[in-house]
Each structure stands twice: as C-alpha cells, then as structure tokens.
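# A closer look at the structure
Listed below are the residues making up each chain.
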Amino acid sequence: MKILSFLLLCACSFFLMILKSCTCANDCPVGWQPHAFSPVFYGHQDYESASGDPASPPGKCRVFYPSLDGSPSGAPPLEGCCKYPLIILIHGDCQGDANHYKKWFLLPAQLARSGYVVLIPSVPSISSIPSPTHPAIAAMETFRTWVLNDWEFHDLVTPNTGVIGHSFGAPIGASFSKANSNVKAFASLSGQYEGVNDYLTMNKPVLFMRGHPTSDIAEALVGFNWAGTPQPKHRAEFNDGHHWEYMLAPQVQCSNSFGRGSCSKATQLTTELTTMFFTRYLSRTNSVNTRVPLSLIPPDITLTIEQQFYAGGNYLNAFDSPVSGCSASLAWETPDGNGSTTAP
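Let us look at the structure shown here. Position numbers for residues count from 1 along each chain, tracking the sequence in the order it is written. Side-chain atom pairs in this predicted model are given and counted only at pLDDT of 80 or more, local residue features only at pLDDT of at least 70, and totals for whole chains, interfaces and linings cover all residues. Processing note: side-chain calculations cover all non-hydrogen atoms of the structure and skip hydrogens and water entirely.

With that settled, the discussion passes to the pairing of strand β10 (residues 337–343). In this analysis, strands are considered paired if DSSP registers two or more bridges between them. The helix count covers DSSP runs of H or I at least four residues long, the strand count covers runs of E at least two residues long, and both are numbered beginning at the N terminus. As defined by bridge partners, strand β9 (residues 328–334) adjoins β10 across 7 bridges and the pair is classed as antiparallel. Note that in β10 the partner of Thr334 across the bridge is Gly337.

Right, let's talk about the side chain of His100 for a bit. Here His100 is to be found in the loop between β3 (84–90) and α2 (106–113). We call a residue buried when its accessible area falls under 20% of the maximum for its residue type, exposed when it is over 50%, and partly exposed in between, using a 1.4 Å probe and counting protein chains only. Judged by relative accessible area, which is 2%, His100 ranks as buried. Not counting residues within four places of it along the chain, the set of residues in contact with His100 comprises His91, Gly92, Cys94, Trp244 and Met247. Two residues qualify as a contact provided that any one of their heavy atoms is within 4.5 Å of a heavy atom in the partner residue.

Our focus in this paragraph is the sheet that holds strand β6 (residues 183–189). Across a sheet, strands are paired by hydrogen bonds formed along the backbone, either parallel or antiparallel in direction. Spatially, the 10 strands line up as an open sheet ordered β1-β2-β4-β3-β5-β6-β7-β8-β9-β10, and their pairing is mixed. Across the chains shown, the open sheet's two edge strands, defined by having one partner strand only, are β1 (41–47) and β10. The average angle at which neighbouring strand axes cross in this sheet is 15°, direction not considered. Judged from the 7 bridges that link them, β1 and strand β2 (residues 61–67) form a sheet pairing that is antiparallel. Residue pairing in the sheet places Gly43 in a bridge with Tyr65 of β2. Orientation is described by axes fitted as lines to C-alpha atoms, over the contacting stretch for helices, and by angles from 0 to 180 degrees between their N-to-C directions.

Following Gln231, the chain continues into Pro232 via a peptide bond in cis, with omega recorded as -5°. With respect to the element layout, Pro232 can be found in the loop between α5 (217–221) and β8 (233–238). The omega angle of the peptide bond from Ala343 to Pro344 is -5°, so this bond is cis rather than trans. If you trace the backbone, Pro344 turns up in the segment after β10. In this structure, Ser190 is a non-glycine residue whose phi angle is positive, near 50°. Within the element layout of this structure, Ser190 appears in the loop between β6 and β7 (206–210). With a relative accessible area of 0%, Ser190 lands in the buried category. With a phi angle near 65°, Asn286 is a residue other than glycine that sits in the positive phi range. Tracing the backbone shows Asn286 in the loop between α6 (266–281) and α7 (305–311).

Turning to the packing of α2 against α6, a few remarks are in order. The N-to-C vectors of α2 and α6 enclose an angle of 35°; their axes lie 9 Å apart at closest approach. Here α2 and α6 pass one another in a crossing that is right-handed. Across the interface between the two elements, Leu106, Leu107, Gln110 and Leu111 of α2 pack against Thr267, Gln268, Thr271, Thr274, Thr275 and Phe278 of α6. Only Asp, Glu, Lys and Arg are considered charged in this grouping, and only Ala, Val, Leu, Ile, Met, Phe, Trp, Tyr, Cys and Pro are considered nonpolar; every other residue, Gly among them, is considered polar. In the contact of α2 with α6, the residues fall into 4 nonpolar, 6 polar and no charged. Crossings are assigned a handedness: left-handed for a near helix turned anticlockwise from the far helix by less than a right angle, right-handed for a clockwise turn.

Two cysteine sulfur atoms form a disulfide, by the criterion used here, when they sit within 2.5 Å. In this structure the tally under the stated criterion is 2 disulfides. The disulfide that involves Cys28 links it to Cys81, with 1.9 Å between the sulfurs. Residues Cys28 and Cys81 share a disulfide whose torsion about the S-S bond is about 65°; that sign makes it right-handed. In this pair, Cys28 is assigned in the loop between α1 (2–22) and β1 and Cys81 in the loop between β2 and β3, connecting sequence segments 53 residues apart. A relative accessible area of 16% means that Cys28 is categorised as buried. Residue Cys81 is classed as buried on the basis of its relative accessible area of 9%.

Turning our attention to the nonpolar core. Remark: nonpolar core denotes a set of buried residues (Ala, Val, Leu, Ile, Met, Phe, Trp, Tyr, Cys) joined through side-chain atoms within 4.5 Å. Counting 53 residues, the largest nonpolar core has Ile164 and Phe278 as the members making the most contacts within it. The element contributing the most residues to this core is α6, with 7 residues. Every residue in contact with Ile164, bar those within four places of it in the chain, is listed here: Ile87, Ile88, Leu89, Ile90, Leu107, Leu111, Ala187, Leu189, Thr274 and Phe278. Counting residues in each nonpolar core, the second largest holds 47 residues, with Trp32, Tyr47, Met140 and Phe176 among its members.

So this is what it looks like as structure tokens:
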C-alpha cells in the first residue's frame, strides 16, 4: 500500500509539473497569445557574467522576448500570457567583430514577436573548427540552464527549446540538439559540417537553408547529407544566396563576409521561413501546427485591428510578390507529405 501511495504521489507530482509548464495565465494584457499569426512587439536586453553573482549568465549574451513596448532596448517583457518556448541562436565566425552576437536582429526580433524567448550568446571559440568536444556545446547547455532558472524573467520560459545555428554555429547546434531531449527542432543556416553530422541521428524536425553552392562559399566547401537526414526535414536553397544574407546588410561587419547577392529580400525570406518552421514544430505542448504549410511559406492570415497595430506594415509577406534576383527552391519530406516548389 505504501508503495502504491508513493507511486501515485510521484505520478501526481509529474502531472502537476507538466500542467504548470503548459498552463496559461488568465491576465494576458492583450486578448490573444503572442504567435506568428497574432504578433506583438519585441524587446531585448544585454547581459554579462558578473563575478560573485551566481544568477548572472555564463558569458555575454542578448535576450529577445515578446513585449508591448515600442522601444525595444530594455523594454519590459509581456507577462501574464502563456509561457514562451526558448530558441537559442548560435552565431558563426564573423571575423573581426567581437560583438557579432549583437548584430543578429531581424530574425530574433521576428521570433520574439511570434511568442518565443530568443537567447543569442557570445559563442566561445567559434573561430575553431567544430568537433564533438567543442567547448561551445557544453556552454550552450549552461546558457540554457541560466535562462530557465536564473534569468530575471525565467518564469516566462517553458523548457521546450529550438536551436538555430549559422555557419560554424550549425554543427555546434546539431550536437547540442542531439544531446538535449528538450530541444524539439533545429534550423541550420549555411552550416559547415566538417565531420560533425549529428543532425543525421537527432531524429528531430530540421530545416536546412543555404545560398547557391557557387555563391555561398562556405556551404559549397562543406555540404550536408539531405538524403540521410530523417523526417521531418525541410530545405531552402536561394538562387543567388550568400553566406551572411540571414542578416541585414548594415549588421554584417565581418572582414571576410563572402559578399551579398542580388536579392533585396533575402533576409526577409529566410526570416519568414525560419519563423514558420518553428511555428510549426516548436510549442509548449509538443503539438505540430498544421496551419503552417509544409512549404513553410507563410499562409494568408487575418489580423484584428489591434494586431495590425503590432504587426505594422509588410508583415510575413516577403513571398507575396516576385522580385528580380529573388528565388528559393524549397523541398520537404515529412510524415504528412513530400514536395517541392520554387518561390516567390
């Protein structure tokens, strides 16, 4: 009888823990939950490790989050709504820019508007070729633990996590994603996989993006194994895409940036595809949002007048009209269907 009571107590505790992570508060200041299809504003704050302060992060980082404030820097987060999944963005090696992690803007801002907390750490030893023992892999787990337990707004974050890796950051992200069961989806942006192919065995939804092999120099040197990657998997290749076009041109200050292509909407297109990928696969409840098409091209959405205020102009519409030099070849293989298309 005591054993049965103990087991029931454990089961109840587990159920309450899950319920707590999924429960939404009833006093959300807006009449909807922040989501890609019902956006809000965003805010961000910078943090550094402080000697003697156990609540400080393990290193320098920037955190983006949903907000209703119109001034992003230091804006208060939107509290009282559902908890937000976490996305960790692992940057690449931007030579000559020690603060490259701060230069990622459009993508984390859009994800924050869509109901995610986005952590961008300054990645240690990012200039070294990734390996299974790269120090950044363990560092990502330490950063994630800090957000969930010691960040000043950690009560807003649910453990479900997504990972984005760019260039050298992609294999680091793949290794970290494979090792952590709380990571539910992984996006690779022009990843350089030199013997670190953990995306092949992580068995989680993956998105591969790259420029054209003749113009995305790093991707042309080190490709990826699309055929060997388990489903669900998505791919986007840009006809004239270059290595740094996931960021707006003014933010890229690398001494070796590999140039930029002719598509004026490259950053917006990649941002929208990445947002739709996580909107489909990363939630508090582990459910798949089938409202997002398998192509990951944003569907038509209807916003209320108040939501239009937060969305502003040109929201999730980069694919709506063709622009000279802009074209993406999209492909997907999932349990819900396979296909390919070229857009816009």
